[in-house]
Amino acid sequence: MKTELLAPAGDLEAGYAALYYGADAVYLGLQKFSARSTAINFNADNLGDFIGYAHSVGRKVYVTVNTILQTKELSALLEILDTCAFAKADAVIVQDLGVARVVKESYPELNLHASTQMAVHNLQGAITLKKIGFKRVVLARELTLNEIREIKEKSGVDIEVFIHGALCYSYSGLCLFSSLMFGKSANRGKCLYPCRENFQTENGKERHLFSMKDLALGEDILKLSGLSLKIEGRKKNALYVAAVTDYYRSILDGKKDFIDKEENLKQIFARPWTKLHFNGKNKNVIDKEFVGHRGLPIGQVNSVVKGVLTIAPTHSIEKYDGIQIDVEGLEKPYGFSLEKMKVHGKFVFKAFAGQKVEIILPPKAPFIRSGDKVYLASSSFVKGAYSYKKPKPNLYAPRYSINVEVIISPQQITAVSEGSTAELTNLDLKKAAYPDKVSQAVSVAFDKTDKAPFILNELKVYNPEQLFVPVSFLNDLRRQLYKQIKIKQKKHSLPKVQTKQSSSKFQYIIKTDCISSLSLIDFSKVDEIIISLSPETNEEDLKILPKNKVRLSLPTVCRNVEIFYPKIAHLLSCGYYKWEIGNVWGIEVLSRAGVDLSFDSSIYIMNPQAVQMAKELGANRVTFSPEDTLENMKTLAAQSPLPIVLPVYTDPPLFISANCLRENPCLSCNRGTKQSLIHAKGKNYQIISKDCLTMLFFESPLYLMKEAQIIRPDFVRIDFVGKTYSSKQALDIFENVFFHHELKTVVKGNIQREI
């Protein structure tokens, strides 16, 4: 594919700004099922108008339908997809496997793009999605340049990568933090960003442990030819979108003014920038001391005397510009509008770079020290530097094609279209002097569809007696007819799903990443034992378990799948045919006959269409998401095409991250397990680092055994995964679950709330 610059649009103005400043394509969301639900977003009316304009100038538009849907929302999904199809969207960006199935089966005219929320982070995941029918895959932000290049060259699918914008600490799609804390799910576009909070560590220090800097690849995008280069920012305004698009357009086009444009961009919005792991593992990705927008660095404080701050800025500043200063002890930089400043003892409107400037601080300014960093956080000049043009409203709105028949007789004229009829009667029409001009007049009259949602496709005129019709009659007839026409849109329906028979009672599953923790449990009470596979796992470890009850689980995140191929092949040859996967890459790795495949909860399943899609991909059962609600789980259990597992005792990772908190260099790291406790706003958390992954857990487990009686899943599962459990702890927990006892100090997630 040709290199594509892809810009965000949280509203119509941002969309036009993106196109004006050089975006090859724009991605945007509608009012529902958008992973940026708090953006203004588009509606059915302006979406079609915007796409029509974008197509007229040779650009593309992709619509995000990239949230997880519950069962009751599937009918509303059809309305959204109808809107996308009518507006001729170039693609829909999708996370939910159920949405993907509906698009494939009912909307073949819409191309499928896999959202970064699907956490595709290796070649095998991209290949899987290509086989499913996705035309493009948006890769996880955490990948290196070499990984991106390999996936592009070997997958055979179009690849999209992020080049600029806000970063999540977690792999996108693998974060439950906001959802399980507040019922505001990142997988449903409602994240409240608890990762940006101040956390207290075991040594008593308070830090923003997970508050990421912003991604900014800059000139490195020139190493990414033949990909779609995506700018994050659907919650940003049109000014930001214009500036960031212009900046990257300049780099791609080889213009030398991109440095000036970079300075403009930082004045509009910028946290400190990082290239993340693009050039290899990088630990300098967190902004631990401050949160939020900083601006363009313009130097540091020289002195503060009696409310007057002195600085020699590296960039010109003007009256009413916004200034921010990193002040020790404040969570956010201290900001103020520049009202009064002096150069050489005289008040000035503008000070130039290098001049010694005295800035009069506002009253009640915090204690500012010499050496504190100073930023230009907003500029009047920059705010006025990004004007753009846009078309008149509704000029490019899509319209249906209609056919019209006009029948002319001496006493009556009739017009018929789309099941509607208009008539003018009691006439006395005479022979036309120029019969050919009558048909022409009819055509001119009925071609005036004005603001109607349709255009004239074909006109048939029946005038056997060659009668003359005044133009006023034709216009009156047209207005009557067009007022009556009600366009009947093509009706789509949900693809059919099969429904399994409900189980009379559920079976028990245990899952662990430490086999020794199960040593005291009576396996006769257990129907299945799931073992989380690691590079160290071997057949000898498994021999203490009843082989007919063992299922092997592949890791959700695996950046080096090749290390698992020999192990998987060996275990399959030893008769281990039951497997579980937590990411779509496992489908490609286990694509062979005879494998009994289960989907874990990190492949989100919240509606029957998603279950049916899982079945068509080879799954024999699926797992409820720990962020789902009681109402939806109960409904889905009754309508599911496959058996479903409910984790009733589990420590769901609040996030899974490639960003490491260890302070030691990567080369000297043993990659072993490191655990610590942290606190924020009265909540305690356990953080675990292992094998270059960081995971965060609640202090207490999620426990849903009481709710299982209502949901009626086919299997209930007890997890001893992530955290460390002794064999005595595991036995006590298993016995309590097995005998349906309530546990103290547990969390319930979203079980009794909406998400």
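Treat the numbers as computed from the prediction; the structure is a model and nothing was measured.

**A short note on the overall build of the protein**
Logical step 1: Assigned secondary structure in the protein consists of 19 helices and 40 strands.
Logical step 2: Taken over 755 residues, the protein has a buried fraction of 56%.
Logical step 3: Taking the 99 positively charged and 80 negatively charged side chains of the protein as two groups, their mean positions are separated by 2 Å.

**Some thoughts on the state of the cysteines**
Logical step 1: With the rule as written, the count across this model stands at 0 disulfides.
Logical step 2: Its sulfur unpaired, Cys 660 is 6.0 Å from the next cysteine sulfur, which belongs to Cys 669.

**Here's the deal with the sheet that holds strand S23 (residues 373–378)**
Logical step 1: One open sheet accounts for 4 strands, arranged S13-S23-S17-S18; its pairing is antiparallel. The outermost strands of the open sheet, each flanked by one partner alone, are strand S13 (296–300) and strand S18 (334–337). Averaged over neighbouring strand pairs, the angle between their axes works out to 30 degrees when direction is ignored.
Logical step 2: Here strand S17 (residues 322–325) pairs with S18 via 4 bridges, running antiparallel. Following the sheet pairing, Gly 322 is matched in S18 by Ser 337.
Logical step 3: Contacting S13 and S23, helix H9 (residues 258–268) runs over the sheet at an angle of about 90 degrees to S23.

**Some remarks on the layout of surface pockets**
Logical step 1: Taken as a whole, the second largest pocket holds about 910 Å³ of empty space.
Logical step 2: Around the second largest pocket, the lining is made up of 46 residues, and of these Arg 36, Ala 166, Cys 168, Tyr 193 and Glu 232 lie nearest the centre.
Logical step 3: Among the residues making up the lining of the second largest pocket, the classes are represented as 21 nonpolar, 13 polar and 12 charged.

**Overview of the packing of aromatic side chains**
A ring pair, where both rings are aromatic, is described by two values, the distance of the centres and the angle of the planes.
Logical step 1: In this structure the tally under the stated criterion is 30 aromatic pairs.
Logical step 2: Ring plane angle 10 degrees and centroid distance 4.2 Å describe the contact between Phe 86 and Tyr 400, whose orientation is recorded as stacked. Of the two residues, Phe 86 is situated in helix H3 (residues 74–86) and Tyr 400 in strand S24 (residues 400–408); the sequence distance between them amounts to 314 residues.
Logical step 3: Exposure remark for Phe 86: the relative accessible area of 23% places this residue in the partly exposed category.

**Notes on the nonpolar core**
In globular proteins that are soluble, nonpolar side chains generally tend to be buried together.
Logical step 1: Judged by nonpolar contacts, the single largest core of 184 residues is most densely connected at Trp 579 and Phe 599.
Logical step 2: In terms of nonpolar packing, the next biggest core, distinct from the first, is built from 26 residues, Val 406, Ile 408, Val 442 and Leu 467 among them.

**A look at the pairing of strand S29 (residues 528–532)**
Logical step 1: Of all 5 residues in S29, 5 are buried, a share of seventy percent or more.
Logical step 2: Residues Glu 528, Ile 530 and Ser 532 point to one face of S29 and Ile 529 and Ile 531 to the other, with burial holding for every one of them.
Logical step 3: Of the pairings in the sheet, the one linking strand S28 (residues 507–512) to S29 comprises 4 bridges and is parallel in character. Among the inter-strand pairings, Lys 511 is bridged to a residue of S29, identified as Ile 530.
Logical step 4: Looking at chain direction, S29 and strand S30 (residues 550–553) are connected through 4 bridges and run parallel. Bridge pairing links Ile 531 to Leu 552 in S30.

**Examining empty space enclosed by the protein**
Logical step 1: Taken as a whole and judged by the stated rule, the model has 2 cavities of 30 Å³ or more.
Logical step 2: In this model, the largest cavity occupies a volume close to 140 Å³.
Logical step 3: Considering the residues around the largest cavity, the lining is formed by 15 residues, among which Gln 117, Met 118, Ser 602, Ile 603 and Tyr 604 are closest to the centre.
Logical step 4: Class assignment for the residues of the lining of the largest cavity results in 8 nonpolar, 6 polar and 1 charged.

**A look at the pairing of strand S11 (residues 228–231)**
As a general feature of sheets, a regular strand has side chains that alternate between the two faces.
Logical step 1: Taking every second residue as pointing to the same face, both faces of S11 are buried, with Ser 228 and Lys 230 on one and Leu 229 and Ile 231 on the other.
Logical step 2: Here 3 bridges tie strand S1 (residues 4–9) to S11, and the two strands are oriented parallel to one another. Along S11, the bridge assignment pairs Glu 4 with Ser 228.

**Some words on helix H11 (residues 435–446)**
Logical step 1: The first and last C-alpha atoms of H11 sit 18 Å apart over 12 residues, in line with the 16 Å expected at 1.5 Å per residue.
Logical step 2: Along H11, the residues that are buried comprise Val 438, Val 442, Ala 445 and Phe 446. Seen end-on, H11 carries its buried residues on one side only, within an arc spanning 85 degrees. Residues of H11 that are exposed and angled more than 90 degrees away from the buried face: Asp 436, Lys 437 and Gln 440.
Logical step 3: Those residues of H11 hidden inside the fold are in contact with S24, strand S25 (413–417), strand S27 (454–462) and helix H12 (471–484).

Conventions used here
- Residues numbered from 1 in each chain as written.
- Predicted model: local features only at pLDDT ≥ 70, side-chain atom pairs only at ≥ 80, totals over all residues.
- Heavy atoms only, no water.
- Helix = DSSP H or I, 4+ residues; strand = E, 2+ residues; numbered from the N terminus.
- Buried < 20%, exposed > 50% of the residue type's maximum accessible area, 1.4 Å probe, protein only.
- Lys, Arg positive; Asp, Glu negative; His and termini not counted.
- Charge placed at Lys NZ, Arg CZ, Asp CG, Glu CD.
- Disulfide = S-S within 2.5 Å.
- Pairing = 2+ DSSP bridges.
- Axes fitted to C-alpha atoms, helices over the stretch in contact; angles between N-to-C directions.
- Contact = heavy atoms within 4.5 Å.
- 1 Å grid on protein atoms, 1.4 Å probe; cavity = no way out; pocket = protein on both sides within 12 Å on 5 of 7 lines; lining within 4 Å.
- Points joined across faces, edges and corners; volume = space filled by probe spheres on them.
- Nonpolar A, V, L, I, M, F, W, Y, C, P; charged D, E, K, R; others polar.
- Phe/Tyr/Trp six-rings, centres within 6.5 Å; stacked < 30°, edge-to-face > 60°.
- Core = buried A, V, L, I, M, F, W, Y, C linked by side-chain atoms within 4.5 Å.
- Expected span 1.5 Å × (residues − 1).
- Arc of directions from axis to C-beta.

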